[in-house]
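Chain by chain, the residues:
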Amino acid sequence: MNHWLVKSEPGTYAWADLVKGRRTAWTGVRNYQARLHLRAMQVGDPVWFYHSGAPKEIVGLARVLRSAYPDPTAAHGDWVCVDLAPIKTLPQPVSLAAIKTDRVTRDMVLVKNSRLSVQPVTAPQFEGILRLGGCLPE
DNA sequence: GCCAACGTTGGC
DNA sequence: GCCAACGTTGGC
């Protein structure tokens with residue numbers, strides 16, 4: 001199982017929208033590197049949901065409901081999307097500042113390449129966010 | 001609002 | 001195929 005992170009501008013599509021909708025097709029990705037990651041996603045993979053812009057923080061955990069299939073919003077080109085469903089809202093959102101400070105999470109792609117909209121997350125980084133988000137006993 | 005980083009485009 | 005110019009993204 002692999003772990004992932006997707007970004008969204010809360011003004012465009014927020015975590016609350018996913019919680020409310022119960023599922024969504026993660027469409028509109030038009031970047032080759034991001035597409036590679038979309039294609040590697042498997043059903044059940046955990047996905048962190050990050051709000052870019054303001055406030056910049058990881059707010060919830062989703063999972064892959066359906067693996068890559070052709071993006072219906074792409075008029076041209078070979079683009080794909082996946083379906084996501086919410087698992088849980090973090091008790092404590094994890095801010096970008098906190099992610100940059102923490103020894104385990106500061107090497108995340110989110111910090112290194114903030115522009116990549118679909119990113120891989122290592123197992124230790126995944127657990128680091130769980131910890132910072134208040135999901136693990138101290 | 002500014003600017004750095006990144007990706008894409010187009011001229012050569 | 002290279003690279004300069006440009007547009008976009010996103011943190012600050």
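This write-up is about the structure you can find in this document. (Residues numbered from 1 in each chain as written. Chains lettered and ligands numbered in written order. Predicted model: local features only at pLDDT ≥ 70, side-chain atom pairs only at ≥ 80, totals over all residues. Heavy atoms only, no water.)

Now for the protein's contact with DNA strand C. Taken together, Lys7, Tyr50, Gly53, Lys56, Leu96, Lys100, Ser114 and Arg115 make up all the residues around DNA strand C. Near the protein, within 4 Å, the atoms of DNA strand C are sugar or phosphate in 84% of cases. Residue Gly53 places a main-chain N or O atom 3.3 Å away from a phosphate oxygen belonging to DNA strand C. Within the side chain of Arg115, one N or O atom sits 3.1 Å away from a base oxygen of DNA strand C. Classifying every residue of the surface near DNA strand C gives two nonpolar, two polar and four charged. (Near = heavy atom within 4 Å. Polar contact = N/O pair within 3.5 Å; in protein donor to acceptor, adjacent residues only side chain to side chain. Nonpolar A, V, L, I, M, F, W, Y, C, P; charged D, E, K, R; others polar.)

Strand order in the open sheet made by the six strands is E2-E5-E4-E3-E1-E6, with mixed pairing throughout. Strand pairing shows two members of the sheet lacking a second neighbour, strand E2 (24–26) and strand E6 (118–121), which therefore form its edges. Neighbour to neighbour, the strand axes of the sheet diverge by 40 degrees on average, direction disregarded. Where strand E4 (residues 57–70) lies against strand E5 (residues 80–95), ten bridges are found, and the strand directions are antiparallel. Residue Ile58 lies in a different strand from E5, and its bridge partner there is Val94. (Pairing = 2+ DSSP bridges. Helix = DSSP H or I, 4+ residues; strand = E, 2+ residues; numbered from the N terminus. Axes fitted to C-alpha atoms, helices over the stretch in contact; angles between N-to-C directions.)

The environment of DNA strand B is made up of Asn31, Tyr32, Gln33, Asn113 and Arg115. Backbone atoms, meaning sugar plus phosphate, form 46% of the atoms of DNA strand B positioned within 4 Å of the protein. Within the side chain of Arg115, a nitrogen or oxygen atom sits 2.6 Å from a base oxygen of DNA strand B.

The subject of this paragraph is the packing of aromatic side chains. Under the criterion given, the structure shown has five aromatic pairs. Ring geometry for Tyr13 versus Trp26: centroids 6.0 Å apart, planes at 80 degrees, classification edge-to-face. Of this pair, Tyr13 sits in the loop between strand E1 (3–8) and helix H1 (15–21) while Trp26 sits in strand E2, and the two are 13 residues apart along the sequence. Ring geometry for Trp26 against Phe49: centres 5.6 Å apart, planes inclined by 80 degrees, an arrangement best described as edge-to-face. With Trp26 in strand E2 and Phe49 in strand E3 (residues 46–51), this residue pair connects regions lying 23 residues apart in the sequence. You can call Trp26 buried: its relative accessible area is 10%. Cluster of aromatic residues (ring-pair linked, three or more members): Tyr13, Trp15, Trp26 and Phe49. (Phe/Tyr/Trp six-rings, centres within 6.5 Å; stacked < 30°, edge-to-face > 60°. Buried < 20%, exposed > 50% of the residue type's maximum accessible area, 1.4 Å probe, protein only.)

Turning to unusual backbone geometry, a few remarks are in order. Here Ala54 and Pro55 are connected by a cis peptide whose omega angle stands at -10 degrees. Summarising the element assignment, Pro55 is placed in the loop between E3 and E4. One non-glycine residue, Arg22, adopts positive backbone phi at about 70 degrees. As for its placement among the helices and strands, Arg22 is situated in the loop between H1 and E2. Residue class for Arg22 comes out exposed when judged on its relative accessible area of 53%.

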